[in-house]
Amino acid sequence: HGGLEALFQLLEIKDSKEVPTRRQAATALRDLAANEHLKLVYAARGGIKAMVQLSKCRELSLQCLATAAMRHLSLHDELKRPLVEGGCLVPLVRNAPRANEDLQCQIAGLLANLSEETENQISLLNGGCVPVLATLARVENDEIQQDSGRAMANVTSNEENHVTAYRQGALHALVHLCDSEEDVCQRYAAMGLRFLSSHPEVRVYIVKEQMVAPFLQLAQSPLLEFQRTAAAALASFSLSVENKASLIRQGGLTTILLLCLYEDLQVVRDAVFALANLADALDLQSDLVREGAIETLAKVGEMDDARVQRDTARAFACLTQSEEVRARAVLGGSLPALFKLARSLDVACQRYATLSLCNVSCGEHKAKVVEFGAIRPLMFLARFPDMEIQRYASLALAALALGDHATNKERIVEEGAVRPLVDMCRFPEARMQLCAALALNAIALGPQKITKMAISREQGLEPLLQLLKSHDEECVFAGTYILGSLAEDAEVQAQLVDLGSIPALVAVVGDANLEIKRAAAYYFARLAESVECHAKLAKDGALAKIIQIASLEDVECQEVSAFALAHLASDRDLQVPLVTLGALKPLVAMMSIQAEPRHYAGLALLKLADNFENHVAIAQEGGIQALLRLGRERTTDEELQYKAALTVGTLASNAVKMMPPTAETHGTGAKRMVRSDIGFGAAAMLQGRVAGEARKGREETLAYLEKTTAQDAASGETKKGG
């Protein structure tokens, strides 16, 4: 019963040459500590304190026995923490540099056992045990290396220890342990490396200090554990933005691409995750494409694992932002993989895949995308109960329809893609409505009648008109813009007018932004071309809005509205109302500058001048001077000059009739200036025009006679020769 206390007392007796009392007592205590049933009693009776004290002696054999006893005690879970609290770490760290192989073995085993207690892990790190373990890891002894690896794997499993452990040399020691011939030791080393490389700061240090190469070597190892460690580490490295370029320079990209094609699912997951992270950097995308990332992703995309699919789709979504990559993806056969990813059961994967298809559809090879069968998957995605996926799908259809690419518009209509887009326009969410409206706009653009009729046939006109009432300006613009495209077809135009498009647009255009006003002007201009719509435009208040748009300083607004006014002014019933609403002022202003709207403004003014009731207003607004400038301008076509001259003549004639010239009002030269009841300037213009036409006609007649005479002469000589 008192044997332990007696042995503890014998440890305090100095050994004699004849009887090594302390050594024998220490040996006995070491053996007793190995007994599973005596460990707690051993510790309770002061065994820990005695062994710690014994380990501080200078004799190497006693240090070894004391450390061995503590190693046995440390196998018990309840004694791991008391050993550390009892101060065992200080003599261990002090004895390690001078230790022989036996003591090194005991120290490594003790530290490995102690490290299994979570509270001890930080104590080991703060107590300076990691450098000791790093030294022991290089000892050519399998048992020592295995225990050192186990200890460092446990210490590095605590995230709080990562940075300090790395700075104390844990990484280099773990890399060295990877060369061990013992598979258990290799597994511990791989675990430690995986733990260390997962820390945000440590992974930056590893890449910054050019320590990626050991992980690349692990990737080439036939051992699955090493392959997984390498893939996990590379995935961790790729998470830091500052690491990405350096990781590629150190050869990480090639290894990542190889790992993507390994058979182990865990390796593939981490490798594809790393590749997707690298693809997120725009400045590195050319490197990825050059090394074959697109082809690798196309192969990996055929897998059925949700995580692999998600990261593959994410990588595609990032890479396809570049036109070069889009072309390579389409021509390189990546579309089937994208179609499969779009059908994934993982919603995030579907989102990324749909975004990728949207990006690819914006490239130069839109016809190829349609040929590969993209419309059907996009239609399916447009109906998918996820708003983000629906938006991407509608934008992809919009991109495919834009431009003159083969028969894309017709194919989209024929395969039934208009109906889901119309349904999306009815959805009570502005972004969704906008994306759908953009797609319908792209489909309706162009001369194809089938596209416009398809929107009408699928009951798309009413939801598009509802967009004009939206609180979102972009939706209002999209709804206004498509009205102009649809109005290019007479049948659809009539339906739009019957549905009340004119009052709806009139209500919007007043306070709208410039883009909406441009689009509204185009729609009004299209309606103005049709005489049947003139009365409706006047009744619904569109004339005032057209004049308001014509008064803007924007050239496009002026040109389109002047075009509309030119057509409206040809309607005699609207000539006086247009002048009353103020159409003269913007028209005269347009004619005073060298710009495109001058031509249509001049035509409109000429038409308005056909009505006698407008003459005084035209004169008051400076219309006569504008017409005179139009008549003198050399850039004006001859027909317009002629009409301008006649109009000025008519205006002057009416003015003379209203105020007959007399000597009292015009001076003694009045009769000399009056010629045929028209003004002198207008008469001079008319006379010059008539003289020019006469000269031109005379020259054409002489040329015809000469040509005829020459032909007759040639015919006579031929007959004589016959």
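As a convention, each chain's residues are numbered from 1 in the sequence order in which they are written. Reporting of local features is limited, given that this is a predicted model, to residues whose pLDDT is at least 70; pairs of side-chain atoms are given and counted only at 80 or more, and all residues count toward the totals for whole chains, interfaces and linings. Computation of side-chain values covers all heavy atoms of the structure but excludes hydrogens and water.

Secondary structure summary: the protein chain contains 50 helices and 0 strands in total. When accessible area is computed with a 1.4 Å probe and restricted to protein chains, residues below 20% of their type maximum are described as buried, those above 50% as exposed, and intermediate ones as partly exposed. Each of the 722 residues in the protein chain was classed as buried or not, and the buried ones make up 53%. Note on definitions: a residue-residue contact is assigned when non-hydrogen atoms from the two residues lie within 4.5 Å. In the protein chain, the proportion of contacts linking residues at least 24 apart, taken out of those at least 6 apart, comes to 70%. When the accessible surface of the protein chain is split by element, carbon and sulfur atoms take 53% of a total near 33300 Å². Secondary structure elements are defined from DSSP: runs of H or I of at least 4 residues count as helices, runs of E of at least 2 residues count as strands, and each element is numbered from the N terminus. To measure how exposed things are, a 1.4 Å probe is used in the Shrake-Rupley method; for residues, cover is taken only from the protein chains shown.

This part is about helix α2 (residues 21–33). Here, expected helix span is obtained from the residue count minus one, scaled by 1.5 Å. Along its 13 residues, α2 runs 18 Å from first to last C-alpha, staying within 8% of the 18 Å computed at 1.5 Å per residue. Residues T21, A25, A26, L29 and A33 constitute the buried set of α2. Along the long axis of α2, the arc covered by the buried residues comes to 125 degrees, so they all point the same way. Each C-beta atom gives one direction from the helix axis, and the arc is the one those directions make.

This part is about the packing of aromatic side chains. Note on aromatic contacts: the rings of Phe and Tyr and the six-membered ring of Trp form a pair at centre separations within 6.5 Å, being stacked when their planes are under 30 degrees apart, edge-to-face when over 60 apart, and tilted otherwise. According to the stated counting rule, one finds 7 aromatic pairs in the structure shown. Here F8 and Y42 contribute two aromatic rings whose centre-to-centre distance is 5.7 Å and whose plane-to-plane angle is 85 degrees, an arrangement assigned as edge-to-face. Of the two residues, F8 sits in helix α1 (residues 3–10) while Y42 sits in helix α3 (residues 39–44), which places them 34 residues apart along the sequence. Each member of the pair, F8 as well as Y42, carries the same accessibility label: buried.

Once that is clear, we can look at the nonpolar core. Think of a nonpolar core as a cluster: buried Ala, Val, Leu, Ile, Met, Phe, Trp, Tyr and Cys residues, connected wherever their side-chain atoms sit within 4.5 Å. Counting 223 residues, the largest nonpolar core has M51, L288, F524 and L578 as the members making the most contacts within it. Excluding anything up to four places from it in sequence, L578 contacts L543, I547, L565, L568, A569, A583 and L608.

In terms of burial, helix α31 (residues 418–425) is largely enclosed, as 6 of its 8 residues are buried. Taken residue by residue, α31 has V418, P420, L421, V422, M424 and C425 as its buried positions. Next to the buried residues of α31 lie α28 (375–382), α29 (387–401), α30 (408–414), α32 (430–444), α33 (449–457) and α34 (461–466).

This paragraph deals with the environment of A520. Note on placement: A520 falls in helix α38 (residues 514–528). The spacing of A520 and K545 is 25 residues in sequence and 9.2 Å in space, taken between C-alpha atoms.

Here we take up the confidence of the model for the protein chain. Summarising the model, the protein chain shows a mean pLDDT of 87, and 86% of its residues fall at 70 or more. Across residues 665–686 the pLDDT falls below 50, and counting only partners more than four positions away or on other chains, this stretch makes 27 contacts in the model. The model gives residues 715–722 a pLDDT under 50, and that stretch makes 0 contacts with residues more than four places away or in other chains. Per-residue confidence from the predictor is reported as pLDDT, which spans 0 to 100.

This paragraph deals with the pattern of salt bridges. Criterion for a salt bridge: a side-chain nitrogen of Lys or Arg within 4 Å of a carboxyl oxygen of Asp or Glu. Evaluated as defined, the whole model comprises 36 salt bridges. K80 is the partner of E116 in a salt bridge, and the nearest nitrogen-oxygen pair spans 3.3 Å. Of this pair, E116 sits in the loop between α8 (101–114) and α9 (118–126) while K80 sits in helix α6 (residues 80–85), and the two are 36 residues apart along the sequence. Here E116 falls in the partly exposed class, since its relative accessible area comes to 41%. Under the relative-accessibility criterion, K80 is labelled buried at 3%. R269 is the salt-bridge partner of D305, the closest N and O atoms lying 2.7 Å from each other. With a gap of 36 residues between them, D305 in the loop between α22 (293–300) and α23 (306–319) and R269 in helix α20 (residues 265–279) connect regions that are remote in the sequence. A residue is classified by how much of its surface remains accessible, and R269, at 24% relative accessible area, is partly exposed. Connected via shared salt-bridge partners are R71, K80, E116, E143, D147 and R150.

Moving on, we get to the packing of helix α40 (residues 542–550) against helix α41 (residues 555–569). Two measures define how a pair of helices packs: the angle their axes make with one another and the distance between the axes. Helix axes are fitted to C-alpha atoms over the stretch in contact, other axes to C-alpha atoms as well, and angles between N-to-C directions run from 0 to 180 degrees. Where α40 contacts α41, the axes come no closer than 8 Å and their chain directions differ by 140 degrees. With respect to each other, α40 and α41 are oriented oblique. Two packed elements cross with a definite hand, and for α40 against α41 that hand is left-handed. Packed against α40, whose contacting residues are L543, I546, I547, I549 and A550, the element α41 presents C557, Q558, S561, A564, L565 and L568 at the interface. Gly is placed with the polar residues, together with every amino acid not listed as nonpolar (Ala, Val, Leu, Ile, Met, Phe, Trp, Tyr, Cys and Pro) or charged (Asp, Glu, Lys and Arg). Each residue belonging to the contact of α40 with α41 can be placed in one class, and the counts come to 9 nonpolar, 2 polar and no charged. Small angles under 35 degrees read as roughly parallel and large ones over 145 as roughly antiparallel, with 65 to 115 read as roughly perpendicular and the rest as oblique. Should the near helix be turned anticlockwise from the far one by less than a right angle, the crossing is left-handed, and should it be turned clockwise, the crossing is right-handed.

This part covers the side chain of S115. Counting through the fold element by element, S115 comes out in the loop between α8 and α9. Polar contacts involving the side chain of S115 include one to the main-chain carbonyl oxygen of A112, which spans 2.7 Å. When sequence neighbours within four positions are dropped, the list of residues in contact with S115 reads Q121, L124, R150, A151, N154 and V155. Polar contacts here mean pairs of N or O atoms no more than 3.5 Å apart (in protein, one a potential hydrogen donor and the other a potential acceptor; neighbouring residues in sequence count only if both atoms are side-chain atoms).

With that settled, consider the environment of M191. On the secondary structure map, M191 appears in helix α14 (residues 183–197). Taking the relative accessible area as the measure of exposure, M191 reaches 30% and is therefore partly exposed.

Attention shifts here to the environment of C64. When you line up the elements, C64 lands in helix α5 (residues 60–73). Relative accessible area serves as the criterion here: at 9%, C64 is assigned to the buried category. A C-alpha to C-alpha distance of 9.6 Å links C64 and L54, two positions 10 residues apart in sequence. Among all residues touching C64, those that are not within four sequence positions of it are D102, L103 and Q106.

Glancing now at the state of the cysteines. We call a pair of cysteine sulfur atoms a disulfide whenever their separation is within 2.5 Å. Counted according to the given criterion, the structure contains 0 disulfides. Lacking any disulfide linkage, C64 is separated from the closest cysteine sulfur, that of C105, by 8.4 Å. In this structure C362 is a free cysteine whose sulfur lies 5.0 Å from that of C358, the closest cysteine sulfur available.

The backbone of Q210 shows a phi angle near 60 degrees, a positive value even though the residue is not glycine. Within the secondary structure, Q210 sits in the loop between α15 (200–208) and α16 (213–219). The phi dihedral of Q459 is positive, around 55 degrees, even though this residue is not glycine. The topology assignment puts Q459 in the loop between α33 and α34. Classification of Q459 as partly exposed rests on a relative accessible area of 48%.

In contact at an axis separation of 10 Å, α23 and helix α25 (residues 335–342) are set at 125 degrees when each is read in the N-to-C sense. One element, α23, and the other, α25, form an angle in the oblique class. Like other packed secondary-structure pairs, α23 and α25 cross with a definite hand, here left-handed. Mapping the contact onto sequence places Q309, T312, A313 and F316 in α23 and L338, K340 and L341 in α25. Of the residues belonging to the contact of α23 with α25, the class tally is 4 nonpolar, 2 polar and 1 charged.

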